[in-house]
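Understanding the architecture of this molecule
Take a look at the letters that make up each chain.
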Amino acid sequence: MKIGELAKVCGVSKDTVRYYVEKGLLIPFKKGAQMDFTDREYEDMQFIQKMKQMQFSIREMQAILTLKRLSNFIEPDTIQAYEDMLNQKKQDLHEKIDVLQEAYDIVDQELTKYASRKNAKAKAMGAPMIALSYLYCPHCGRQLMVQNAQISNNCVDEGELVCSCGYHAQITGGIVDTGNRYTGKYDRPDLKRGLYRNVGEEFVTGFQKSSDLVYNRLKELDTKGKVIMETNINGYFFLYNCIQNVEKDCLYIITDRYPEMLKMYKQLIETLQLDLNILFIADDSDHFPIKDGCVDILLDFYGSNEQFIYKQRSFLQEYRRYLKETAVILGALFGFDGNSRSVRLVSRYYPECSPIALDAKKMLHTYEEGGYEIQATEVAVSLQTYNKYSFACHQDGERLIQYYYEAWKK
C-alpha cells in the first residue's frame, strides 16, 4: 500500500509515517523514491502506537523493535528482556504519577486559596474622617463642609462637599467625585490593566527595579502620621502593588481622572480588609479640592509620563501647590533620548502632549527649572516594546530608558 493508505488506516499523518521511517521504526520496501508498505509495516505501526501509549520514547521503541526483529519474540531470553523494559517503564510511570499527583494537589490547593480570595468578604472603605480636614475649595481656598453625610466605620460613604462660594462635589461610594471629566479621545480607563501585560520583558524588569527602589526609599522615610499622595493611577499604581506592607498610621490620597479606575482599585483593596486611611479623589482639573501645602511625600510612578502625554504642564507644575516645603517626591519615569525618532513621533499619537513628552532628560530637567534638587538613576533600557499605549511611538532599536528619581525643594 502507498504511504497515504497506511496513514489513513492508522489514523496518522503522512509526515508521521515519514518520521517513523526516518527513525527506522518502519522499514518499507523501496523502489526508487516510492515506498511500498505491507501488512508487516501495518502491524509495526499498530505496535508503535501501543508503545507510544505506554510512554516509550523513540529510542526505547527502537530498542524494542530491534529485539522483535532479531527474534520471534517467543524465546525466554527475549521475553525476559522485553519484560525488563516493561517493568522499568512501569516504575518510571509510578514515579511520574507520584510527581503528577503532588502537582495536582498543589494546583488544587492554589485554586482553593484563590477562590477564597475572590469570594472574600470586603471591608468597605469610605472617605476617612481624618481626611476631611484636608478637603479645601479649589476656587476660594476655604475648608469644605460635608452635608447629608452617611457615615460608617469612621468614614463618609455618601455625602456632599460644599463651599459658601458655590463650589460643590460629591462623595459617592466613598470616592470624592468633583465631576470634572476628561473629554478628549486619546485616553481611556485601563480597567483590564492592559498596560501591565503589554510592555515587554525588558520594561517589566525595569518596572520591578524601579518599584523596589521607590518602596525601599519610602520605608527609610518616617511616614508615620504623614500625608502620602499618588496621582495618575490609570497608568501604573505603585501603592496598589505594595498596599499590604505600607505604614498604616498615615493618610494616603489617591487621585485619577477616571472615577471608574478608582472604584475598581478601591473594591480590590477592600477585599484585603486593611486598616488604612485612603482618600480617593476623581478629578481631571488642574486644581483638586485638597489643601495647599499638605502633602509630605508625592509618589510619581510613571504618573509624570501620563501628565506629559495628556497635558502641557509638567508634573511639578501640576502638583507642587499641594507639597509642603519639606516634601519629597519619589518617582520613576521613562523616556527616550531627545534626538530619537521615537520622541518626534509622540505628538502623532498623542496630540494633547507637552512639547517635551517622553524626552527623558527634559522631563527630569523640569524639576531643576522649578527650583528642586533631583537625583536620577538609570534603571533599565528597553530596545523593543509591544508598540501599544504610550509605547506606540517606540521605534525598535531606540533606547527607552527607565529612571528612578528623588526630588526635593532647594
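Everything that follows concerns the structure shown earlier in this document.
Residues numbered from 1 in each chain as written. Predicted model: local features only at pLDDT ≥ 70, side-chain atom pairs only at ≥ 80, totals over all residues. Heavy atoms only, no water.

**Thoughts on the environment of Tyr186**
If you trace the backbone, Tyr186 turns up in the loop between strand S7 (175-177) and helix H6 (201-220). Taking the relative accessible area as the measure of exposure, Tyr186 reaches 30% and is therefore partly exposed. For the pair formed by Tyr186 and Glu352, sequence separation is 166 residues and the distance between their alpha carbons is 8.1 Å. Beyond its immediate chain neighbours, meaning those up to four positions away, Tyr186 contacts Tyr310, Tyr349, Tyr350, Pro351 and Glu352. (Helix = DSSP H or I, 4+ residues; strand = E, 2+ residues; numbered from the N terminus. Buried < 20%, exposed > 50% of the residue type's maximum accessible area, 1.4 Å probe, protein only. Contact = heavy atoms within 4.5 Å.)

**Regarding the packing of helix H4 (residues 58-69) against helix H5 (residues 76-118)**
Where H4 contacts H5, the axes come no closer than 10 Å and their chain directions differ by 160°. In terms of axis orientation, H4 runs roughly antiparallel to H5. Of the two elements, H4 crosses H5, and the hand of that crossing is left-handed. Taken together, the residues of H5 that come into contact with H4 (itself represented by Glu60, Ala63, Ile64 and Leu67) are Thr78, Ala81, Tyr82, Met85 and Lys89. Split into classes, the residues belonging to the contact of H4 with H5 amount to six nonpolar, one polar and two charged. (Axes fitted to C-alpha atoms, helices over the stretch in contact; angles between N-to-C directions. Parallel < 35°, antiparallel > 145°, perpendicular 65-115°, else oblique. Left-handed = near helix turned anticlockwise from the far one by under 90°. Nonpolar A, V, L, I, M, F, W, Y, C, P; charged D, E, K, R; others polar.)

**Focus: the packing of aromatic side chains**
Enumeration over the complete set of coordinates arrives at 25 aromatic pairs. One aromatic cluster in this structure is built from Phe203, Phe207, Tyr236, Phe238, Phe301, Tyr302, Phe334 and Phe391. The ring of Tyr310 has Arg257 sitting right over it, with the charged end atom 5.1 Å from the ring centre. (Phe/Tyr/Trp six-rings, centres within 6.5 Å; stacked < 30°, edge-to-face > 60°. Lys NZ or Arg CZ within 6 Å of the ring centre and 35° of its normal.)

**Quick word on the side chain of Gln402**
Along the chain, Gln402 falls in strand S14 (residues 400-409). Of the polar contacts made by the side chain of Gln402, one reaches the side chain of Tyr302; its length is 2.9 Å. With near-sequence residues (within four places) excluded, Gln402 lies in contact with Glu202, Phe203, Gly206, Phe207, Tyr302, Leu333, Phe334, Thr377, Glu378, Val379, Ala380 and Ser382. (Polar contact = N/O pair within 3.5 Å; in protein donor to acceptor, adjacent residues only side chain to side chain.)

**A closer look at the side chain of Gln307**
Position of Gln307 among the secondary structure elements: in helix H9 (residues 303-310). Judged by relative accessible area, which is 2%, Gln307 ranks as buried. The contact partners of Gln307, leaving out residues within four places of it in the chain, are Asn232, Arg313, Ser314, Phe315, Glu318 and Tyr319.

**Considering the environment of Tyr302**
Within the element layout of this structure, Tyr302 appears in the loop between strand S11 (295-301) and H9. The spacing of Tyr302 and Asn232 is 70 residues in sequence and 8.3 Å in space, taken between C-alpha atoms. In this structure, Tyr302 is in contact with Phe203, Gly206, Phe207, Ser210, Tyr236, Ala332, Leu333, Phe334 and Gln402, ignoring residues within four places of it in sequence.

**Some words on the pairing of S14**
Counting buried residues along S14, eight of its 10 residues qualify, which places the element largely inside the surrounding structure. Sheet topology note: the strand S12 (residues 323-336)/S14 ladder contains nine bridges and is antiparallel. Counterpart to Leu330 in the pairing with S14 is Glu406. Alignment of strand S13 (residues 372-382) against S14, held across 10 bridges, turns out to be antiparallel. Residue Ile374 lies in a different strand from S14, and its bridge partner there is Ala407. (Pairing = 2+ DSSP bridges.)

**Observations concerning the state of the cysteines**
The full count for this structure, using the stated rule, is zero disulfides. Cysteine Cys137 remains unbridged, with the sulfur of Cys165 as its closest cysteine sulfur at 3.5 Å. Note on Cys137: relative accessible area 3%, which makes it buried. No disulfide involves Cys163; its sulfur sits 3.3 Å from the nearest other cysteine sulfur, which is in Cys140. (Disulfide = S-S within 2.5 Å.)

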